[in-house]
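Listed here are the chains, written in short residue letters.
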There are 2 protein chains.
Amino acid sequence: MQRTNLKKLAQELNLSISTVSRALNDSYEIAADTKERVKQKAQELGYEPNPYASGLRSRKSKTIGLVIPEVANNFFSLAIDGVEEIARANDYHVLIYLTHESHEREATIIQHLAGGRVDGILMSVASESPDASHLATLVESNVPLVFFDRVGEGIATARVTTDDYASGYRATEHLVEQGCRRVAYLLISDTLSIGQKRMEGYRAALQAHGLPADAALIVPGTLDRDQNTRRIRELLEQDPAIDGIFASVETLAISSYEACQQLGRRVPEEVKIISFSNLATAAYLNPPLTTIRQPAYEMGKKAAEILFRAISRNRPVLPTQSAELQSTLVVRRSTGG
Amino acid sequence: MQRTNLKKLAQELNLSISTVSRALNDSYEIAADTKERVKQKAQELGYEPNPYASGLRSRKSKTIGLVIPEVANNFFSLAIDGVEEIARANDYHVLIYLTHESHEREATIIQHLAGGRVDGILMSVASESPDASHLATLVESNVPLVFFDRVGEGIATARVTTDDYASGYRATEHLVEQGCRRVAYLLISDTLSIGQKRMEGYRAALQAHGLPADAALIVPGTLDRDQNTRRIRELLEQDPAIDGIFASVETLAISSYEACQQLGRRVPEEVKIISFSNLATAAYLNPPLTTIRQPAYEMGKKAAEILFRAISRNRPVLPTQSAELQSTLVVRRSTGG
DNA sequence: CTGTTAGCGCCTTCAA
DNA sequence: TTGAAGGCGCTAACAG
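Residues numbered from 1 in each chain as written. Chains lettered and ligands numbered in written order. Predicted model: local features only at pLDDT ≥ 70, side-chain atom pairs only at ≥ 80, totals over all residues. Heavy atoms only, no water.

K.L.:
Teacher, can you tell me more about the relation of the copies chain B and chain A here?
P.N.:
Two chain copies here: they are related by a rotation about an axis and a translation along the same axis. Rotating chain B by 180° about the axis while translating it 0.0 Å along that axis superimposes it on chain A, leaving an RMSD of 0.1 Å. Overall, the copies show the geometry of a two-fold rotation axis. (Least-squares fit on C-alpha atoms with pLDDT ≥ 70 in both.)

This is how it looks when you write it as structure tokens:
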């Protein structure tokens, strides 16, 4: 079946193409009854505007790009939800891209997006990304960009983050208050500013309590849980005094559980674990996992809102529009059952 | 900065637009050295073809639509991963849409997509969808469609599913073999064929073991965990003999844990729970959750592959291309620690 | 209030 | 092997 377009619609109605177009776009210069007639017919014939034609002409794609490291992760899943919500409210479409923590993939994706496929981009940078030079093309192409959670350095744009330093401090302090004397910090990459900030908080908290802060373990940006587990086990063997683990992502917390189990170290009696995580089932883990929960959904929403403000006003995204949301420490203790 | 287009490129090279276009598309009728020169220059000026112009002209959007109920769910997260993988391998983009189990949203999304924004669609229908009449427009518009996991009835197209009947049977039998005599079946909607098939397997297994099969509880398509928990608690109170729960989605398994905890029913001693789930942490739940794991990632890949085969050959997707993958029963017992 | 006209950037016959 | 020209479907400036 031939798809109905403006031309066909115009013929059926004995009107010109432009009149039909304006009627459908609710132009003020079209008579009310004409509008009605046109819309009626459009409905009848199941008219749906061709997005590529209008995109070409109007230079509006009605689409944003969402670039994230992975999706099998509760934080990003919730964030997607928030983004999609706002996008739909603005009548926009969402293209999703996964970098799998690869800088190269990220650069390729950005390169493509700079070609005008999207009106704006929301992104959380890959842990591998050494710098943000690949994002320069976006700036040149005037494609609005908003970072969320994992920000790129050196790009003057808005960033939606959580209080990484403060929560790193709080998490560490919580472990110390629970009696830990030697706390290890696990992160998957040392190029993420977010991990740095949390580590600063971690260091400061230990220092404030007169404890050494030299047990940081950087697990290279891997998504392989077994490998992470192995490295954590090695750390625990090399440094048997470790009685607290602060994991910056939930997958490292799970690996820590595994490592402790393999070494016969009881959690939480011998080793206490705390983690940044949005796991819905954290309370049902054995033992329950105390977490720092980020407002992932809200971050996705917020980032999208900032982006759409820029898009609709046709203005660049300013660094001053950045927002920092609060994360929450959720303490969960064993029920002893 | 003005985005470079074919015209500009042609001017710089003292060639015609069409020659440049053909060179970039590796046309056989362009001299090798000309191609080289053109590509060099394109690279130099950071030329990126305008997807809306080429989409309009070639009637290829290089984009597929992925329509799923939600994303904060391990099954769909993994599926997205598989889909994205195949899409990128085919140089395609992925538009993501969440129905939040709403039939209305699903219909609106489909309506939009039928307008030519995508070359094909992958979808898992919303639990609310009473029938598939809203998908008729897609068929009319010749937009290839592949269902995965949750299929729509009455549409002649390929579907990628798992062995729902067999796995429903196996799950139930497992509970019976563990000593359960009264097994409840939980599902979020009775309009999903997938839930029906699993229930048939459940019924057959109970029958084969000479047990009654009247404890099915249909929790209306809600994503509200508290509400689900309440309803399950009511079921357990009304029918105290229930000693086994077969949950068709992981969120209902978690609600079952909560309900049992609230009623002081010990799991797994008094009530055993099994669930369809792709939770990475199922082994660490307390008690560990025995699951039927679906090959989510592979399903996403498979569905995308079938779709791309149709797209690249410009032919409709045939029901005969359907695939049924195997799910796995993963038994996890309490470590008694 | 409505119609005519001119492209948006690209691909693709047709002609040279 | 390259160039010229038309048009994909839509929007917007300019007439009337």
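K.L.:
In this structure, what is going on with the protein's contact with DNA strand D? I would like to understand it.
P.N.:
Surrounding DNA strand D, one finds 25 residues, the nearest of these being Tyr47 and Arg57 of chain A together with Thr19, Arg57 and Arg59 of chain B. Each atom of DNA strand D within 4 Å of the protein was classed as base or backbone; sugar and phosphate made up 67%. One nitrogen or oxygen atom from the main chain of leucine 6 of chain A is found 2.6 Å from a phosphate oxygen belonging to DNA strand D. Here alanine 31 of chain B contributes a backbone N or O atom positioned 3.1 Å from a phosphate oxygen of DNA strand D. Within the residue set of the surface near DNA strand D, elements represented by two or more residues are α2 (17-24) and α4 (51-58) of chain A together with α2 (17-24) and α4 (51-58) of chain B. When grouped by side-chain class, the residues that make up the surface near DNA strand D number nine nonpolar, ten polar and six charged. (Near = heavy atom within 4 Å. Polar contact = N/O pair within 3.5 Å; in protein donor to acceptor, adjacent residues only side chain to side chain. Helix = DSSP H or I, 4+ residues; strand = E, 2+ residues; numbered from the N terminus. Nonpolar A, V, L, I, M, F, W, Y, C, P; charged D, E, K, R; others polar.)

K.L.:
I'm lost on the packing of helix α1 (residues 6-13) of chain B against helix α3 (residues 32-45) of chain B in this one. Help?
P.N.:
The angle between the axes and the distance between the axes are what describe a pair of packed helices. All names here are of chain B. α3 packs onto α1 with a crossing angle of 120° between their chain directions and a minimal axis gap of 10 Å. By the angle class used here, α1 and α3 are oblique. Handedness of the α1/α3 crossing: right-handed. Across the interface between the two elements, Leu9, Glu12 and Leu13 from α1 touch Arg37, Val38, Lys41, Ala42 and Leu45 from α3. (Axes fitted to C-alpha atoms, helices over the stretch in contact; angles between N-to-C directions. Parallel < 35°, antiparallel > 145°, perpendicular 65-115°, else oblique. Left-handed = near helix turned anticlockwise from the far one by under 90°. Contact = heavy atoms within 4.5 Å.)

K.L.:
Please explain the packing of α1 of chain B against α2 of chain B as it appears in this structure.
P.N.:
Residues and elements named next belong to chain B. Running from N to C, α1 and α2 cross one another at 105°; their axes reach a closest spacing of 8 Å. Between α1 and α2, the angle is such that the two are roughly perpendicular. Across the interface between the two elements, Leu6, Lys7, Leu9, Ala10 and Leu13 of α1 pack against Ile17, Val20, Ser21 and Leu24 of α2. Counted by class, the contact of α1 with α2 contains seven nonpolar, one polar and one charged residues.

K.L.:
Even after reading the chapter, I still don't get the sheet that holds strand β10 (residues 290-293) of chain B, so can you show me in this structure?
P.N.:
Sheet strands associate in pairs through backbone hydrogen bonding, adopting either a parallel or an antiparallel arrangement. Residues and elements named next belong to chain B. Pairing within the open sheet is mixed, and its six strands lie in the order β7-β6-β8-β9-β10-β12. Edge positions in the sheet fall to β7 (216-218) and β12 (328-330), since each of these pairs with one other strand and no more. The mean angle between the axes of side-by-side strands here comes to 15°, regardless of whether they run parallel or antiparallel. Two elements, strand β9 (residues 272-276) and β10, share three bridges in a ladder whose sense is parallel. Counterpart to serine 275 in the pairing with β10 is threonine 291. Along the sheet, helix α9 (residues 193-208) makes contact with β6 (183-187), β7, β8 (244-247) and β9, crossing β6 at roughly 175°. Packed onto the sheet, helix α10 (residues 225-238) meets β6, β7 and β8 and runs at close to 155° relative to β7. (Pairing = 2+ DSSP bridges.)

K.L.:
Looking at this structure, how should I read the side chain of aspartate 119 of chain B?
P.N.:
All names here are of chain B. Among the secondary structure elements, aspartate 119 is positioned in the loop between α6 (103-113) and β3 (120-123). Of the polar contacts made by the side chain of aspartate 119, one reaches the backbone nitrogen of lysine 62; its length is 3.0 Å. At 2.8 Å, the side chain of aspartate 119 forms a polar contact with the side chain of tyrosine 92. Excluding residues that lie within four positions of it along the chain, aspartate 119 makes contacts with Arg59, Lys60, Ser61, Lys62, Thr63, Tyr92, Val143, Pro144 and Ile311.

K.L.:
Just to check I follow, could you spell out the sheet that holds strand β9 (residues 272-276) of chain A for this structure?
P.N.:
All names here are of chain A. The strand order β7-β6-β8-β9-β10-β12 describes an open sheet built from six strands, whose pairing is mixed. If you trace the sheet from one side to the other, it starts and ends with β7 (216-218) and β12 (328-330), each paired once. Taken pair by pair, the neighbouring strands of this sheet meet at an average axis angle of 15°, ignoring direction. On the sheet, helix α9 (residues 193-208) packs against β6 (183-187), β7, β8 (244-247) and β9 and is oriented at approximately 175° with respect to β6.

K.L.:
Quick question: what am I supposed to make of helix α5 (residues 74-89) of chain B here?
P.N.:
Note that an α-helix has 3.6 residues per turn; residues three or four places apart therefore point the same way. Residues and elements named next belong to chain B. For α5, with 16 residues, the first-to-last C-alpha span of 23 Å sits near the 22 Å given by 1.5 Å per residue. With respect to burial, α5 is a largely interior element, twelve of its 16 residues being buried. With a side-chain oxygen positioned 2.7 Å from the backbone nitrogen of phenylalanine 75, the residue opening α5 is asparagine 73. (Expected span 1.5 Å × (residues − 1). Buried < 20%, exposed > 50% of the residue type's maximum accessible area, 1.4 Å probe, protein only.)

K.L.:
Mind showing me how you'd approach the protein's contact with DNA strand C here?
P.N.:
Near DNA strand C you find 24 residues, and of these Ser18, Arg57 and Arg59 of chain A together with Tyr47 and Arg57 of chain B are the closest. Measuring from a phosphate oxygen of DNA strand C, one finds a backbone N or O atom of serine 16 of chain A at 3.0 Å. The separation between a phosphate oxygen of DNA strand C and a polar side-chain atom of tyrosine 47 of chain B is 2.6 Å. Residues of the surface near DNA strand C, tallied by class, amount to eight nonpolar, ten polar and six charged.

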